Amino acid sequence: MQLKFLIFTLLFCNHLTYAQDEIPRNYFESPLEIPLLLSGTFGELRSNHFHAGMDIKTNGVTGLAVSASAKGYVGRIKIQHGGYGKALYVYHPNGYQSVYAHLDNFSPKIEALVRKAQYKKESYEIELFPSALELKVKQGEVIGYSGNSGSSGGPHLHFEIRDFKSKPMNPFLFGFDEVKDSRKPQIFALHAYSLGPDSHVNGSTDRLQLKLIQRQDGNYRTEPIKAFGTIGFGIDAYDILDLTYNKNGVYSVVTKLNGKPVFETTFDKFSFYESRYINRLIDFEYYATEKRRIQKLFLEPNNPLSLYKDVYNNGTVTIQKDNLDQSFEILVSDFMGNTRSILIPLTTDFDENLIQKEIKETEYFAKANSASVFEEGKIDIYIPKNALYEDIFLDIDIEGLSVKLHEPTTPLHKSMTIGFDVSQYSLEDQDKLYIASVTSWGSKYYVSTYKKKDRLTTKVNEFGTYQLFEDNKAPTITPKNFRDKQWVSNFRFLKLEIDDEDTGIESYRATVNGEFILMEYDYKTKTLTYDFNDGKISDTKNELKVVVTDKVGNTAIFEAEFLRKN
Ligand SMILES: [Zn+2]
């Protein structure tokens, strides 16, 4: 019995280690027939997340055939307005999954299955988990067509490979050798950080950009820097592949102190739950103000990212009064191994007269490792444990039903809850109230508002100004390619524009002659589209009715007649 158990354990573990350690080379092939050119690489630094796959260029158009990268079955289909838009997940017999996102549409067989489910649920957004037998696919079999759906910023195919634990992995680990990269990464800027209470670099106790001097071989050096105490470095770098111009992420960064490795970050694999820690990896304050990302090459508390390797002394350098001259080196590489280096000579320079940046103390002190509650007037704020990366004095200014809640330059890892007491409003007026984020330039954006008697709450993961507003305006609905009582026999699509000024579209529903019809909503173009190819219209004379509701429940109704020979 015990032996049996042992054998079972061994077999089972073997299987796991196989999937984890022996990455199958060239098991996956490119899902497109055109040459493989990328506009985005794995691990690239994006807003609040690391890029989980590679973005494949589609010649600037939609509608290119997308095929299964390896054999398996379509085990998940997800359609959403934002995010990945129309996405397919293929499950492979070796435990890996491949993901194809921002699609325009699917192969006829998948399309039929999806339509049926959408009509059953009466919803465009849907998620399906077909069984292993339903949608088997061969390698190279067309499963869909490339598009620009969801939160895509232009036509491309987002392609991902996930391991058996659903962790996204760098596709280059599997091959895709046809992607050529013969150039070294580019360094846009190098910054030094004074990290200790008495640290300084070249007379500065703050972040300091260092001037880069290019050498004959393309690598960089800096002038010797005069520093004291614990310091660290950060780089703003990117990589350009051959035959493209897109600025992609770099693959790995290694640093060395006097020739000895002290820090490494490498983008091979991560977990989705780690992704928001990107705000700890980058200099978030710099990003919030300059819109450029500096990757910090040192570790601070509350950074559990699994991307770091061989970290010594948290990647920092400590320079003491009696230190001899030292050298720090940064090696920035792309996946193909092209490496650009920066050499930083370090000399000791102690200056006790330098004044540290003063910490502004307020009455609102929040600790990173415990929850905080603040209440004043009609507003209350709850910041959960581990929402902050560091203990901090918050700057909070409450005026009536508006709160200036600290600065957007401080990152929040988890959502805080802001509550507004609205008991001064009648119940009828309360229905039209919502919470908006107000930018420094005065624009306001609806944030998800929850209502419970006399109280409105929102959960937001950015500091800033939040204020109560009222929305009494119904959405607008405008036909885009037809007018009332028009013959549309030769039309493939009916298109309408829907919009809502204040809070945005919460829901939409279209019917023809009282029966639900499926309309696709693209929030980027504000367009609702009906496709006559779904075969639901068989009458000559048809009454179209479209009902659109905003986030506080203001509703607009559009009605028109269209005629069609069948
Ligand atoms: Zn992508």
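Computed from a predicted structure; not experimentally measured.

**Regarding the packing of aromatic side chains**
- Within the structure shown, the criterion is met by 28 aromatic pairs.
- A centroid spacing of 5.9 Å and a plane angle of 70 degrees characterise the contact between F159 and F176, whose relative ring orientation is edge-to-face. Residue F159 is located in strand β13 (residues 156-162), and its partner F176 is located in the loop between β14 (168-169) and β15 (186-194); the two are separated by 17 residues in the primary sequence. As far as burial versus exposure is concerned, F159 and F176 are alike and both buried.
- Members of the aromatic cluster, connected to one another through ring pairs, are F42, F50, F267, F270 and F272.
- When the ring centre of Y89 is taken as reference, the NZ or CZ atom of R76 above it lies at 4.3 Å.
- The ring centre of Y119 lies 4.3 Å from the NZ or CZ of K536, which sits over that ring.

**Concerning the sheet that holds strand β30 (residues 379-383)**
- Taken together, 5 strands build an open sheet; the order of strands is β29-β30-β34-β38-β37 and the sheet is antiparallel. Across the chains shown, the open sheet's two edge strands, defined by having one partner strand only, are β29 (372-376) and β37 (449-452). With direction set aside, neighbouring strand axes in the sheet form an average angle of 20 degrees.
- Where strand β34 (residues 411-421) lies against strand β38 (residues 455-462), 7 bridges are found, and the strand directions are antiparallel. Looking across to β38, one finds that D421 is bridged to R455.

**Overview of the coordination of the zinc ion**
- Protein coordination of the zinc ion is provided by H51 (NE2), D55 (OD) and H158 (ND1), with donor distances spanning 1.9 to 2.1 Å.
- Written as a sequence motif, the donor residues of the zinc ion are H-x3-D-x102-H. Linking H51 in the loop between β3 (49-50) and β4 (54-57) with H158 in strand β13, this pair joins segments that are 107 residues apart in sequence. H158 shares its class with H51; the two are buried.

**A closer look at the sheet that holds strand β46 (residues 527-531)**
- Taking strand neighbours across the sheet as the criterion, the 4 strands line up as β40-β42-β46-β45 in an open arrangement whose pairing is antiparallel. Edge strands, defined here as strands with exactly one partner in the open sheet, are β40 (476-479) and β45 (520-522). The average angle at which neighbouring strand axes cross in this sheet is 25 degrees, direction not considered.

**Notes on the pattern of salt bridges**
- Evaluated as defined, the whole model comprises 27 salt bridges.
- Ionic contacts of the salt-bridge type, sharing partners, join the residues E111, R115, R492 and D531 into one network.

**Structural notes on the environment of N219**
- Structurally, N219 can be placed in the loop between β18 (213-214) and β19 (220-221).
- Under the relative-accessibility criterion, N219 is labelled buried at 9%.
- In this structure, the C-alpha to C-alpha distance between N219 and N472, residues 253 residues apart in sequence, is 60 Å.
- Dropping the residues within four chain positions of it, N219 is found in contact with K184, I213, Q214, T339, R340 and S341.
- At a separation of 2.9 Å, a polar atom in the side chain of N219 contacts the main-chain amide nitrogen of S341.

**Some remarks on the side chain of S341**
- Structurally, S341 can be placed in strand β27 (residues 339-348).
- When residues no more than four places from it in sequence are discounted, the contact partners of S341 are R215, N219, Y220, E329, I330 and L331.

**So, the pairing of strand β6 (residues 72-79)**
- Counting buried positions along β6 gives 6 out of 8 residues, so the element sits mostly inside the fold.
- From the end of β6 to the start of strand β7 (residues 86-91), which pair antiparallel, there are 6 residues, and G83 there has a positive phi angle of about 50 degrees.
- By the bridge criterion, 3 bridges tie β6 to strand β10 (residues 126-128) in an arrangement that is antiparallel. Within β10, the position partnered with K78 by the bridge is E127.

Calculation rules
Residue numbering note: each chain is counted from 1, following its sequence as written. Confidence filtering applies because this is a predicted model: local features only for residues at pLDDT of at least 70, side-chain atom pairs given and counted only at 80 or more, and all residues used for totals across whole chains, interfaces and linings. The side-chain numbers reported here are obtained from all heavy atoms of the structure, hydrogens and water having been left aside. What counts as a ring pair is set by centres within 6.5 Å for rings of Phe, Tyr and Trp (its six-membered ring), and what kind of pair is set by the plane angle: stacked under 30 degrees, edge-to-face over 60, tilted for all other angles. By the criteria applied, helices consist of DSSP H or I runs no shorter than four residues and strands consist of E runs no shorter than two, each listed in order from the N terminus. Note on exposure labels: buried denotes an accessible area under 20% of the residue type's maximum, exposed denotes more than 50%, and partly exposed covers the range between, all computed with a 1.4 Å probe on protein chains only. Whether a charge lies above a ring is judged from NZ of Lys or CZ of Arg, which has to be within 6 Å of the ring centre and within 35 degrees of the ring normal. For two strands to be treated as a pair, DSSP must find no fewer than two bridges joining them. An axis is simply a line fitted to the C-alpha atoms; with a helix, the fit covers only the stretch in contact. Between two such axes, the angle follows the N-to-C directions and lies from 0 to 180 degrees. A donor here means an N, O or S atom no more than 2.8 Å from the metal, or no more than 3.2 Å when the metal is Na, K or Ca. Since water is not included, a site may seem to lack partners. By definition here, a salt bridge exists when the distance from a side-chain nitrogen of Lys or Arg to a carboxyl oxygen of Asp or Glu is within 4 Å. In this analysis, two residues are considered to be in contact whenever any of their non-hydrogen atoms come within 4.5 Å of each other. Two N or O atoms form a polar contact when they lie within 3.5 Å of each other; inside protein one atom must be a possible hydrogen donor and the other a possible acceptor, and for residues adjacent in sequence the pair counts only when both atoms belong to side chains.

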